[in-house]
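Read off the chains here:
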Amino acid sequence: MSVTGRRVAGRALRAFNDRHPWSHNDHFHPWIVSRLPRRRRAALDVGCGQGGLAAVLSPHFDEVVGVDADPQMRRDAARRCADLANVTIVDLSLEHLGTGRAPDGRPAPPRAFDLVTMVAVLHHLDAADALTQVRRLLAPGGRLLVVGLAPPATVRDHAWDLASAVTNPVIGLIRHPRPSTAGPPVDPFPVAEPTMPFDELRALVETMLPGARMRRRLGFRHTIEWQVPG
Ligand SMILES: C[S@@+](CC[C@H](N)C(=O)[O-])C[C@H]1O[C@@H](n2cnc3c(N)ncnc32)[C@H](O)[C@@H]1O
């Protein structure tokens with residue numbers, strides 16, 4: 001398809017999405033819940049946004065920590081999880097969590113997590129740095145679950161994007177059958193365009209997380225699943 005054709009198709013798809021909206025990120029929460037590690041003391045949701053996943057993880061773990069770089073997101077997440085005694089939303093970077101100390105010297109939450117999640121976040125970060133920190137933060141047997149985005153670069157990527165574009169309205173109709181009259185929704189959180197194509201990210205993941213499973217998914221997403229040996 002030509003660039004103009006792709007733009008027109010993209011606009012039509014967005015217009016349809018506005019009328020039958022669904023969250024491409026929340027859509028993967030059941031996948032995450034179906035992949036939880038056996039030991040469930042502490043979970044960390046990196047880039048927790050408005051705290052939806054932290055709330056979903058709350059009944060499954062002794063403790064859930066959400067971090068986000070954006071103060072408004074942290075406020076929204078704290079409000080969303082206010083009734084969940086085992087959820088804390090903190091202002092700490094992955095690096096500070098990895099060293100177990102906040103920037104001002106305060107002690108940080110537990111450094112060993114049984115689960116680290118990142119939904120639509122890895123492309124906001126330097127992927128190699130982030131994966132290095134995550135490796136430090138995971139307890140033996142701990143699990144990393146990522147839902148990510150990548151720009152299409154290969155024929156295969158484009159084929160998956162096409163499949164996502166075709167199935168997207170169907171999912172929208174199932175999830176939100178009555179057309180919304182609210183107009184185009186404003187993104188509730190900071191967004192960034194992904195720049196690292198799937199194959200490049202996979203090469204990095206294979207080097208840094210041996211044995212990780214990375215799969216393309218519908219919904220313009222991929223998933224990464226890795227368990228620390230032991
Ligand atoms: C596209 S949103 C996804 C939010 C949430 N995970 C969800 O699924 O709804 C990306 C989030 O990553 C956060 N973020 C960006 N850079 C970050 C960083 N360096 N550390 C922590 N969070 C970050 C943004 O503030 C934003 O809330």
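What follows deals with the site of the ligand. Neighbouring residues of the ligand: 14 residues in total, closest G47, D68, A69, V119 and L125. G47 is positioned such that a nitrogen or oxygen atom in its backbone is 2.7 Å from a nitrogen atom of the ligand. At a separation of 2.6 Å, an oxygen atom of the ligand approaches a polar side-chain atom of D68. Compared with its free state, where it exposes 590 Å², the ligand has 84% of that area covered by protein.

Here we come to the environment of P190. With respect to the helices and strands, P190 occurs in the loop between α7 (155–175) and α8 (198–208). The spatial distance from the C-alpha of P190 to the C-alpha of G47 is 9.9 Å, given a sequence separation of 143 residues. For P190, the contacting residues outside a window of four places in its chain are D70, M73 and H124.

Enumeration over the complete set of coordinates arrives at seven salt bridges. Two residues, E225 and R35, come together in a salt bridge whose shortest N-O distance is 3.2 Å. Of the two residues, E225 is situated in strand β7 (residues 221–227) and R35 in the loop between α2 (29–33) and β1 (42–46); the sequence distance between them amounts to 190 residues. The exposure class assigned to E225 is buried, which follows from its relative accessible area of 17%. Notably, a salt bridge pairs D91 with R74, separated by 3.5 Å at the nearest N-O pair. One end of the pair, D91, is in the loop between β3 (87–90) and α5 (94–99); the other, R74, is in helix α4 (residues 71–80), and 17 residues separate them in sequence. Of the residues examined, D91 reaches a relative accessible area of 47% and is grouped as partly exposed. Each of D157, D199, R202 and R216 takes part in one network of salt bridges that share partners.

In terms of backbone geometry, most residues other than glycine have negative phi values and most peptide bonds are trans. With a phi close to 60°, A120 is a non-glycine residue in the positive phi region. Here A120 lies in the loop between β4 (113–119) and α6 (127–137). Phi angles above zero are rare outside glycine, and F220 is one such case at about 60°. Mapping F220 onto the fold places it in the loop between β6 (213–217) and β7.

Within the structure shown, the criterion is met by zero aromatic pairs. Lying over the aromatic face of F198, R216 brings its terminal NZ or CZ to 4.0 Å of the ring centre.

The next point concerns the pairing of β7. Most of β7 is tucked away, with six of its seven residues classed as buried. As defined by bridge partners, strand β5 (residues 138–148) adjoins β7 across six bridges and the pair is classed as antiparallel. Counterpart to V147 in the pairing with β7 is T223. Where β6 lies against β7, five bridges are found, and the strand directions are antiparallel. Across the sheet, the residue bridging to R215 is T223, located in β7. Linking two consecutive strands that pair antiparallel, namely β6 and β7, is a turn of three residues; a positive phi of about 90° is found at G219 within it.

Rules of the game
Residues numbered from 1 in each chain as written. Predicted model: local features only at pLDDT ≥ 70, side-chain atom pairs only at ≥ 80, totals over all residues. Heavy atoms only, no water. Near = heavy atom within 4 Å. Polar contact = N/O pair within 3.5 Å; in protein donor to acceptor, adjacent residues only side chain to side chain. Areas by Shrake-Rupley, 256 points an atom, 1.4 Å probe, with all protein chains shown as cover. Helix = DSSP H or I, 4+ residues; strand = E, 2+ residues; numbered from the N terminus. Contact = heavy atoms within 4.5 Å. Salt bridge = Lys/Arg side-chain N within 4 Å of Asp/Glu carboxyl O. Buried < 20%, exposed > 50% of the residue type's maximum accessible area, 1.4 Å probe, protein only. Phe/Tyr/Trp six-rings, centres within 6.5 Å; stacked < 30°, edge-to-face > 60°. Lys NZ or Arg CZ within 6 Å of the ring centre and 35° of its normal. Pairing = 2+ DSSP bridges.

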